[in-house]
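# Fold and geometry: a report
Residue-level listing of the chains:
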Amino acid sequence: MWLKDLHLKFKAPRLRRFLIGDRGSSSERSNNEEASWMTGMSHGYHVVEGRRFSIDQSVKGDSDTFVVQREDIGHREVWFYGVSDVRIGSTINRYVQSQLFDRKPNESGIRRKTKEAMKKAYMNARAELHKAVKRDDQQFSIGSVSAVVINREKMVVAVMGDYKAVVCKNGEARQLGAKHQYTGRRHWPRKFLKGALRIPKVRVQACVSAKETGKRSSKRLELVIADEKVNSETEFIILCSNGVWEVMKSQEAVNLIRHIDDSQEAAECLAREALTRLSKSNIACLVIRFY
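Residues numbered from 1 in each chain as written. Predicted model: local features only at pLDDT ≥ 70, side-chain atom pairs only at ≥ 80, totals over all residues. Heavy atoms only, no water.

### Concerning the sheet that holds strand S1 (residues 41–48)
To keep things clear, this is the line we draw: A pair of strands counts as paired when DSSP detects no fewer than two bridges linking them. Helix numbering and strand numbering both begin at the N terminus, where a helix is a DSSP run of H or I of at least 4 residues and a strand a DSSP run of E of at least 2. Between N-to-C directions, angles span 0 to 180 degrees; the directions come from axes that are lines fitted to C-alpha atoms, helices contributing only their stretch in contact.
Read across the sheet, 5 strands follow the order S1-S10-S9-S6-S7 without closing on themselves; strand pairing throughout is antiparallel. Unpaired on one side and paired on the other, S1 and strand S7 (172–175) mark the two borders of the sheet. Strand after strand, the sheet turns through a mean of 15° between neighbouring axes, direction not considered. Both strand S6 (residues 164–169) and S7 contribute to a ladder of 4 bridges, which runs antiparallel. In the strand pairing of S7, Cys 168 is matched with Ala 173.

Written out as structure tokens, the structure is:
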């Protein structure tokens, strides 16, 4: 019954430089020539407040933070998006903003500079986190995901923890930065299939020792930087906290909002669905749609 009384509240980020458009969307265009298939881009974001249950009383009740910022670097339009745990969000966002927007690198080196800035920002945040948080179980829920869209043609994504970035291309979901992804499609040569033997599947369960348990937190905070091209097949990108992904698969999230043209409505829909599925972690959603 408590779900009926729970209201979804929007919380704006508490960082120093933001650009937030009407309903979280944007229709601005850069001065340079755009790809013929690209007409616009919009974004929407939503957070459910009061979802944190932490041993650290100083952060109890705090929700995740967002960053949405647009700058022109030369003739290139650069958007910076991010969803972060409140304990590391300001560290990451301030560093990326200072390196990318305050210094404004040369147009030809924007992507390289973006990757360097995001890597350094996340490493700094992770180092501070290890000092501040002693308990491994507290680090499991901490994470962040950021995306820099360059001229609506290229994108650099950084992911840490259980936060994820998922791109939808022609209706198919793909997690950015994930290793060994299985797409469900295998094309085996007919020669091989003709004489192939069917081998039964065997599931192997490994016993984890207490010594290895401490390594899990560092793996959960592993940093992944990925490049992605934005083209005519790119429909939208989802940046969400672990509260969404613990109750939803990537393809489920894509199928849920693909028919929703309004980015803000799509972000709210993901948050509501995560609540309906009784997610126990922070719920924060950011949707970037390309038209």
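Having put the structure on the table, let's press on.
### Re the packing of helix H7 (residues 250–257) against helix H8 (residues 263–276)
Stated precisely, the cut-off is as follows: Roughly parallel means an angle under 35 degrees; roughly antiparallel means over 145; roughly perpendicular covers 65 to 115; every other angle is labelled oblique. Should the near helix be turned counterclockwise from the far one by less than a right angle, the crossing is left-handed, whereas a clockwise turn marks it as right-handed. Should any heavy atoms of two residues lie within 4.5 Å, those residues are considered in contact. All residues other than Ala, Val, Leu, Ile, Met, Phe, Trp, Tyr, Cys, Pro, Asp, Glu, Lys and Arg, Gly among them, are scored as polar; the first ten of these are nonpolar and the last four charged.
Between H7 and H8, whose axes approach to 10 Å, the crossing angle comes to 130°. The angle between H7 and H8 falls in the class oblique. Crossing of H7 over H8 shows right-handed handedness. Together, Ala 253, Leu 256 and Ile 257 of H7 and Ala 266, Cys 269, Leu 270 and Glu 273 of H8 make up the contact between the two elements. The residue makeup of the contact of H7 with H8, split by class, is 6 nonpolar, no polar and 1 charged.

### Describing H8
Put simply, the rule reads: Between the first and last residue of a helix there are one fewer steps than residues, each counted as 1.5 Å, and that sum is the expected span. Classification of residues uses two cut-offs on accessible area relative to the type maximum, computed with a 1.4 Å probe and protein chains only: under 20% is buried, over 50% is exposed, and between them is partly exposed. Any N or O atom pair separated by 3.5 Å or less is treated as a polar contact, with the protein-specific requirement of one donor-capable and one acceptor-capable atom, and with residues adjacent in sequence counted only for side-chain atom pairs.
Between its first and last C-alpha atoms H8 spans 20 Å; for 14 residues at 1.5 Å apiece the expected length is 20 Å, and the two agree. Along H8, the residues that are buried comprise Ser 263, Gln 264, Ala 266, Ala 267, Cys 269, Leu 270, Ala 271, Ala 274 and Leu 275. Lining the buried residues of H8 we find S1, strand S9 (234–240), helix H6 (242–245), H7 and strand S10 (283–290). The residue sitting at the N-terminus of H8 and contributing the capping side-chain oxygen is Asp 262; that oxygen lies 3.0 Å from the backbone nitrogen of Gln 264. Positive backbone phi, at 65°, marks Leu 278, one or two positions downstream of H8.

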